[in-house]
Amino acid sequence: MQKKFTTDSGITIAPYYQATPYTGEKAGDYPFTRGVHESMYRSQLWTMRQYAGFSTAEESNKRYKYLLSQGTTGLSVAFDLPTQIGYDPDHELSEGEVGKVGVSICSLADMEVLFKDITLQQITTSMTINATGYILLSLYIALARRQGADLRQISGTIQNDILKEYAARGTYIYPPKPSMRIITDIFQYCSQELPKWNTISISGYHIREAGSTAAQELAFTLSNGKAYLKAALDAGLDINVFGKRLSFFFNAHNNFFEEIAKFRAARRIWASITRELGATDPKSQMCRFHTQTGGSTLTAQQPQNNIARVTLQALAAVLGGTQSLHTNGYDEALALPTEEAARIALRTQQIIGYESGVVDTVDPLGGSYFIENLTNELEAKAWEYINKIDAMGGSVAAIESGYMQREIAQAAYNYQKGIESGETVLVGVNKFVTEENHNIPIFKISDSIRQQQIEKLQQLRNSRDAVAVQNCLSEVRRCAVENINLMPAVIAAVDNYATLGEIADQLRQVFGEYQS
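Residues numbered from 1 in each chain as written. Predicted model: local features only at pLDDT ≥ 70, side-chain atom pairs only at ≥ 80, totals over all residues. Heavy atoms only, no water.

## Quick word on a nonpolar patch on the surface
A surface patch of nonpolar side chains, amounting to about 270 Å² of accessible area, comprises Val425, Val427 and Phe432. Assignment of secondary structure puts Phe432 in the loop between helix H16 (403–421) and helix H17 (449–463). (Patch = residues over 30% accessible without salt bridge, like charges linked within 9 Å, V, L, I, M, F, W, Y side chains within 5 Å. Areas by Shrake-Rupley, 256 points an atom, 1.4 Å probe, with all protein chains shown as cover. Salt bridge = Lys/Arg side-chain N within 4 Å of Asp/Glu carboxyl O. Helix = DSSP H or I, 4+ residues; strand = E, 2+ residues; numbered from the N terminus.)

Quick look at the structure:
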């Protein structure tokens, strides 16, 4: 019996492909299958944005300066779990987590140190933050003002994608409806005050990390995007204005050709969704995205093999037309990346960009029988899911019913079953296994970081104007209760050194906390 070949999404792969209907449109033309810019990388390479953040603001600042000195072209901030879910370092639930998976930030004082000697108007910054995204953006704005920046020229991105937190990741605070209200407040504020800021990065990355297939990553991410569009439209915002500031965040996984087809299909589907909802400006129809190589694909066994995995994944992202890229360190299945691993990851992008020649023409795989068929197949499979979610009432309803979570869990189970049976090969894990005695240096974060952060926090509270802080917090709460845009009040609060935990607690008292 002849072996059957399929992609990770279960699409059957034929032995060879013949011509498929091919529109041959240019990049930059609707529906943007070939890319969002006509000249793509011939005029400018993607932003090489290495994700980093750990320990204290002082230590992360050193890493950012190192990455900038090595040629990274944009910053990407990782925050620790207490920062992500709205707790200051002295909260009991912060114990054991301060500075571990990202940098600990709880006030403007921390933010001032994090970006010391870095001019915000001269760089773009991405911040992977969701439930407390409104607070971190407010901190960034307050710092930019203190640097004398023109807010209309400040550019960057907050992830701000709360729906995927309920479906896949878990760092939520408030229930879905008030969370969506906060997001539309950010859309509205930034459209007026920070026109170059990307107000949301709708993330498929974490959906894929949780175990979804490529088709599910596409469908669930774009369905979430559709929900954000509808929420903004319901709030009276203009899709041709706020639509330009939406971006996406995708995973680059191991199945090389499927990943390239996924990125091409994403642009096509999003163009259709936005046009259907009334977008007429081409820039509001474009699916612009950041890509990160797949963290869940990295193995602790034979970790140097991860360099090859990351290279292939990064190449797929580039051939798929990404606007921004992070490449993982080979040691990240063991710990946070060392400086050497981070440098190798960055050099991987630079070699692809400057040595490989794949950037010399636009959409070099466009017209390939296989790629065009696979793009069509993935698009069709994604639309099946999207239509099913629409029939349920949209992403919020699909998440509240547990539909997305169940689909992701089943896909993760099927993938793990394939590894354990040997049907899915992981080199160095279930095939070509060797006795290991590697001496990979491990980057460790000291448990003393929490105490250091608590001492700084106590000093801050002793030195700030307590009355001004309390007045600002009361104003934040009033805006939450009276449905007034939260951003001006939160910016005023952080500017007076109110802490992240204090602000998050004001909204906890009004909105409550989500229980899954």
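The discussion continues.
## As for the sheet that holds strand S8 (residues 289–293)
The 9 strands lie next to each other as S5-S4-S3-S2-S1-S9-S8-S7-S6, forming an open sheet whose pairing is parallel. In this open sheet, the two strands that pair with only one neighbour each are strand S5 (197–198) and strand S6 (200–203). Pairing between strand S4 (residues 155–158) and S5: 2 bridges, direction parallel. Each residue of the ladder has a partner; that of Thr157, found in S5, is Asn198. Set on the sheet, helix H12 (residues 305–319) makes contact with strand S7 (246–252), S8 and strand S9 (324–326); between it and S8 the angle comes to about 165 degrees. Where helix H13 (residues 339–355) meets the sheet, its contacts fall on strand S1 (47–52) and S9, and the angle it forms with S1 comes to roughly 165 degrees. (Pairing = 2+ DSSP bridges. Contact = heavy atoms within 4.5 Å. Axes fitted to C-alpha atoms, helices over the stretch in contact; angles between N-to-C directions.)

## A closer look at the packing of aromatic side chains
Going through the model one piece at a time under the given rule, you end up with 21 aromatic pairs. Consider the rings of Phe187 and Phe242, whose centres lie 5.8 Å apart with planes at 10 degrees: the pair is stacked. You can see Phe187 sitting in helix H6 (residues 176–193) and its partner Phe242 sitting in helix H9 (residues 239–242), a full 55 residues away along the chain. For the residue pair Phe187 and Phe242, the accessibility class agrees, reading buried in each case. Their ring planes at 70 degrees and their centres at 6.4 Å tell us that Phe220 and Tyr403 sit as a pair that is edge-to-face. Here Phe220, found in helix H8 (residues 214–234), pairs with Tyr403, found in helix H16; they are 183 residues apart in sequence, far enough to count as distant. A network of ring pairs unites the aromatic residues Phe248, Phe250, Phe263, Trp270 and Phe289 as a single cluster. In this arrangement the basic side chain of Arg63 is found over the ring face of Phe443, its NZ or CZ atom lying 5.6 Å from the centre. For Arg275, the ring lying beneath its charged end belongs to Tyr30, and the centroid distance is 3.5 Å. (Phe/Tyr/Trp six-rings, centres within 6.5 Å; stacked < 30°, edge-to-face > 60°. Buried < 20%, exposed > 50% of the residue type's maximum accessible area, 1.4 Å probe, protein only. Lys NZ or Arg CZ within 6 Å of the ring centre and 35° of its normal.)

Everything listed is a geometric property; what it means functionally is a separate question.
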